[in-house]
Amino acid sequence: PQTIAIISAMKEELEPLKGLLTLQEEHQLGGMSLAVAESCGQRVILAVSGIGKANAAACIQHIISIYRPDEVINIGAAGALNHRFQVGDVVLVTESIQHDVDCTGVGEAPHTLPRVPRIIPSNESLLQSLEQTALDMELTVHRGRVATGDAFISNNERRKQIQDCTHADLVEMETASFAQIAHLNRVPFVSVRSVSDNADGVAEISFETFLREISERNATLLKGYLTSK
Ligand code: ADE
């Protein structure tokens, strides 16, 4: 049987999916919460990593080391940088970049850490499987590039600066870390991010208002994906 790990940064982002699965055990470790479920003969590891890049990296490495998942999927919210995307849109992340990295002082390109790829692409076959699931369920999904950093973006100036320098469609706080660690371990990874806000002056209110709804949307897609496998 396959093992599929599904990680969210916040418990609110994972809860609707958890409600659709039969949990076998649940425990806490460090700042993380972990659960094991079964779905259509597959083992599903559900984890809440905590917010930000360090929590994301620690969580996915722990899961990969302990459970050896065949694939890892991150689900959660994101702020839209590109006006093409609206609150409620479901976006499959094609690639991610860390907007808060700067080693230009030692000759690296902007947003590039020495010896780490600047942009890490998501696993294309996972992306296509999720797109097929969405098609079968008559759900609309988009593709987009994400900028990750340890900051909640809630003003237009910062938003524009990140968009200008990364050309990302969305901003959030974990995907590039998950992707980097998955890449180092050679584990297929994709992130599914639904738009909760526009990373502008009203981002906080929008995020709080739509978090539940977009997490339910992500749960519907992921439940469909697990059922289709
Ligand atoms: N996640 C959801 N909205 C966000 C924002 N505006 N900035 C960073 N992470 C987010």
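From a predicted model like this one, the values you see are computed outputs, not experimental measurements. (Residues numbered from 1 in each chain as written. Predicted model: local features only at pLDDT ≥ 70, side-chain atom pairs only at ≥ 80, totals over all residues.)

1. Observations regarding the UniProt feature "domain: Nucleoside phosphorylase" (unreviewed entry) in the protein chain
In step 1: The sites that UniProt annotates as "domain: Nucleoside phosphorylase" (unreviewed entry) are residues 3–226.
In step 2: Helix makes up 36% of residues 3–226 and strand 31%, whereas the separation of the span's terminal C-alpha atoms amounts to 11 Å. (UniProt positions renumbered as here; feature names shortened; annotations may be inferred. Helix = DSSP H or I, 4+ residues; strand = E, 2+ residues; numbered from the N terminus.)

2. Some remarks on the site of the ligand
In step 1: Taken together, 14 residues are adjacent to the ligand, and Ala77, Gly79, Ile153, Glu172 and Ala199 come closest.
In step 2: Contributing elements (two or more residues each) for the shell around the ligand: strand S5 (71–80), strand S9 (170–172), strand S10 (189–197) and helix H6 (203–228).
In step 3: Take the shell around the ligand: its biggest share by element is 3 residues, from S5.
In step 4: Grouping the constituent residues of the shell around the ligand by class yields 9 nonpolar, 3 polar and 2 charged. (Near = placed C-beta within 6 Å. Nonpolar A, V, L, I, M, F, W, Y, C, P; charged D, E, K, R; others polar.)

3. A word on helix H5 (residues 175–184)
In step 1: Summarising burial for H5: 8 of the 10 residues are buried, a large majority.
In step 2: Buried within H5 we find Thr175, Ala176, Ser177, Phe178, Ala179, Gln180, Ile181 and Ala182.
In step 3: Positive phi appears at Arg186, one or two residues downstream of H5, with a value of about 55 degrees. (Buried ≥ 20, exposed ≤ 12 C-beta atoms within 10 Å, placed from the backbone.)

4. A few points about the environment of Ala58
In step 1: Summarising the element assignment, Ala58 is placed in helix H2 (residues 53–67).
In step 2: Put simply, Ala58 and Ile181 are 123 residues apart on the chain and 8.9 Å apart in space, counted from C-alpha to C-alpha.

5. Comments concerning the confidence of the model for the protein chain
In step 1: Considering every residue of the protein chain, the mean pLDDT works out to 97; 100% of them sit at 70 or more.
In step 2: Among the scores for the predicted complex, ipTM is 0.99 and pTM is 0.97. (pLDDT = per-residue confidence, 0-100.)

6. Quick word on H2
In step 1: Taking 1.5 Å as the rise per residue, H2 with 15 residues should run 21 Å; its terminal C-alpha atoms sit 21 Å apart, in good agreement.
In step 2: Considered for burial, the residues of H2 that qualify are Lys53, Asn55, Ala56, Cys59, Ile60, Ile63 and Ile64. What you see down the axis of H2 is that its buried residues fit within an arc of 160 degrees, all on one side. Residues of H2 that are exposed and point more than 90 degrees away from the buried face comprise Ser65 and Ile66.
In step 3: The secondary structure elements touched by the buried residues of H2 are strand S1 (3–8), strand S3 (32–39), strand S4 (42–48), S5, strand S8 (141–148) and H5.
In step 4: Once H2 ends, the next one or two residues include Arg68, with phi positive near 45 degrees. (Expected span 1.5 Å × (residues − 1). Arc of directions from axis to C-beta. Contact = placed C-beta atoms within 7 Å.)

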